[in-house]
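Residue strings, one per chain:
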Amino acid sequence: MPAHPYSSSELTSPSINPISPLEESSEAELQPGTSRGECLPAAQADAERTAPGANQAATLSPNMATTSSGTDNPHAEAKVSTADSLNAGSPNTKPDAQAANNFAANAPPRAPATAAAGPARKRIGDILVEEGYVSLAQMDRALSESRATGLPVGAVLVKQGIIEESTLGRALAKLHGLQYAELSQLQLESVVVNLLPLEFMKRNLVVPLELDSEGRRLYIAMARPDNLRILDEVALITGYRVIPKVMTHNELLRVIDKLVSEGRISSDAALARAQENLSTTDNLSEGMSDLEAEMAAEDAPIVQFVNALLIEAIESNASDIHLEPQKEHLLIRFRVDGILREIRNIPRKMSAAVVSRIKVVSGMDIAERRRPQDGRMKIKVGTSDIDMRVNSLAVQFGEKIVIRILKPTATSGGLEKLGFTSSEVQKIHKMIRAPHGIILVTGPTGSGKTTTLYAGLREINTPERNITTIEDPIEYPLAGINQTQVSHKAGLTFALCLRAILRQDPDVIMVGEIRDHETLEAAIHAALTGHLVFSTIHTNSTAKTITRLLEMGAPPYLVSTAVIGILAQRLVRRICPKCKVAYQANEEELQLLGIQKKPTTLYRGTGCDRCGGSGYEGRVGLYEIMNIHREIEELIDSGGSVFAIQDAAVRNGMLTLGMDGKRKALAGITTVDEVIRVIGYNLDSA
């Protein structure tokens, strides 16, 4: 039968990113030599799994690995013998390799696949027509409506009453070579459905169906079983080998709604269950030896709990995870949109094993509990690598761990994505396209300075330029840019690296931070010898940055000559678009905004499930951009005050942080309360 002229993108839910046909549903227990295009149905996989030799080698999943894993290929395969897996935690193993082996060996396996070319892949319309459920004329009409409305063609056919929802589900199952989960035959157990958090199930349209504890297999229902990211995350959260079955989008929504209405599922059940398993572990105590702590760190409940904790943080868009030992418990908090939120407490006796697990996978010394340590680990979720920077610090009741989550998408956008207006982008372009000089970005820790610097470097990163950075540490890899990390142990400081880079024929240099006179002197020398220098400094405003440079010992005439632009910034939370409502500003808000007009409309979030009740979702920058022009140069040379420099900049078109905050509050991007929280009450002088 001739194929119909529709694309696979028209046949799938628009809420899920399409996956390559070569990555089609492989999670139904691929056998050796089986490609993703030849995925075995769940029943056949169960039958063949009992064959001799079926489980002689353990296949490691790339779901989670440290930076020493040596591969970023999501389809890479590594097979480990029983002896190798037993030696994974041996003291003779190198620390980095040990961390990789420990984490990977406990991660739930996902079978690899080779991209094998095969016959043309059928589409859902082909199957429906072949089975006689839909005529060619009906399919043509459905395709037309699908293109006009954006709905998947299967949903259109159900909406038109041509096929039943179950018919669409069976056709989708046949398309993927998997079993169909009959809605009428589901008998879900609470212990199984609570393996995944409610928000995760809603967001990804996945429901746990059945658990085979002996075979370590979890059967789940999905609308898109070819979405590897979801499969990886389910495996990582639960610790089980995942086998997908198929249900339609609407069927899954009905199942989830029913589970919620019956009170059979909670929002953080996976992490709570992992915590419950953790509490039953026998070999945990507060005064464990180093060997006992290392052994406890490899226990399945410990591994499951840490994995679930990391996934929950990523799903919550947290930037940091805090594990803080208290007198009676270990307090866990996430920093989301700049605000710390308490997540849960776990009993004190479990804290040593949890901390040891994190230190092991981060390549840190678990025997060292007094001196601060730095480590790093990497999680592979689907096709994305997420780096995590780990730091430990001895506090009163044990070791505090802070994990910084470095998402690659944080630096993937341009200047416009960071909240700059078109006029502000033009000012920045004028700075970064100068042939030489120093450009400084200032603000407190966590205000997005590095992200702004990276966005600026990406704007000018061309094959004609040699760009080199000096960072502490390197947070995100940048293609086409030479990145150097300082090492205080080796005596490799910012100033020493900067002097060395000047002999590397650079065009543009980024210095992570100007902290002392030596680094400042080297940066000024680089700018005066024809190089463009980017850097950061900790001050409260653009004008105060000039004062800080002078306090660090730079002569005024060199500051006015070398510095060509300063950008101060803060981050404020955006109002959640789902629960955003308008209201009339009160007297206090009008006074803060400096507005006499009444009434004035402002906006705020009322709190909803999308924003976790906070009324905010995501963050946006407040910016203050100062181009160093002739009037400011003269003020610097003559010892002008901070206020004189700021007034001169404002006269030449600069918006202060307070002015930008007022503008964004009136525009409904953020709230007056949020601007005050970040900048303070005196918005006119900020």
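Residues numbered from 1 in each chain as written. Predicted model: local features only at pLDDT ≥ 70, side-chain atom pairs only at ≥ 80, totals over all residues. Heavy atoms only, no water.

### Digging into the pairing of strand β11 (residues 384-395)
Then step 1. Taken together, the nine bridges between β11 and strand β12 (residues 398-406) define a ladder with antiparallel strand orientation. Bridge pairing in β12 links Val395 to Gly398.
Then step 2. Taken together, β11 and the strand that follows it, β12, pair antiparallel across an intervening segment of two residues. (Pairing = 2+ DSSP bridges. Helix = DSSP H or I, 4+ residues; strand = E, 2+ residues; numbered from the N terminus.)

### Structural notes on the packing of helix α20 (residues 542-551) against helix α24 (residues 642-651)
Angle between the axes and distance between the axes are the two parameters that describe a pair of packed helices.
Then step 1. Contact pair α20 / α24: the axes reach a minimum separation of 8 Å and the direction vectors enclose 135°. The angle between the axes of α20 and α24 places the two elements in the oblique class. Taken as a pair, α20 and α24 cross one another with a handedness that is right-handed. From α20, Ala543, Lys544, Ile546 and Thr547 reach across to α24, where they touch Val642, Ile645 and Gln646.
Then step 2. For the contact of α20 with α24, the residue count by class is four nonpolar, two polar and one charged. (Axes fitted to C-alpha atoms, helices over the stretch in contact; angles between N-to-C directions. Parallel < 35°, antiparallel > 145°, perpendicular 65-115°, else oblique. Left-handed = near helix turned anticlockwise from the far one by under 90°. Contact = heavy atoms within 4.5 Å. Nonpolar A, V, L, I, M, F, W, Y, C, P; charged D, E, K, R; others polar.)

### So, unusual backbone geometry
Then step 1. Here the bond from Asp472 into Pro473 is cis, since omega is -5°, no more than 30 degrees from zero.
Then step 2. With respect to the element layout, Pro473 can be found in the loop between β14 (467-471) and β15 (482-485).
Then step 3. The phi dihedral of Leu205 falls on the positive side, at around 50°, and the residue is not glycine.
Then step 4. Checked against the element boundaries, Leu205 lands in the loop between α9 (198-204) and β4 (206-212).
Then step 5. Here Leu205 falls in the buried class, since its relative accessible area comes to 5%.
Then step 6. We note that Asp505 has phi near 55°; this positive angle belongs to a residue other than glycine.
Then step 7. Summarising the element assignment, Asp505 is placed in the loop between α18 (494-501) and β16 (508-511). (Buried < 20%, exposed > 50% of the residue type's maximum accessible area, 1.4 Å probe, protein only.)

### Points about the sheet that holds strand β5 (residues 217-222)
Then step 1. Strand order in the open sheet formed by three strands is β4-β5-β6, and the pairing between neighbours is mixed. Single-partner strands in this sheet number two, and they are β4 and β6 (241-246). Averaged over neighbouring strand pairs, the angle between their axes works out to 30° when direction is ignored.
Then step 2. Pairing of β4 with β5, which is carried by six bridges, proceeds in the antiparallel orientation. Looking at the pairing, Val207 lines up with Ala221 of β5.
Then step 3. Packed on one face of the sheet, helix α10 (residues 228-238) meets β4, β5 and β6 and runs near 140° to β5.

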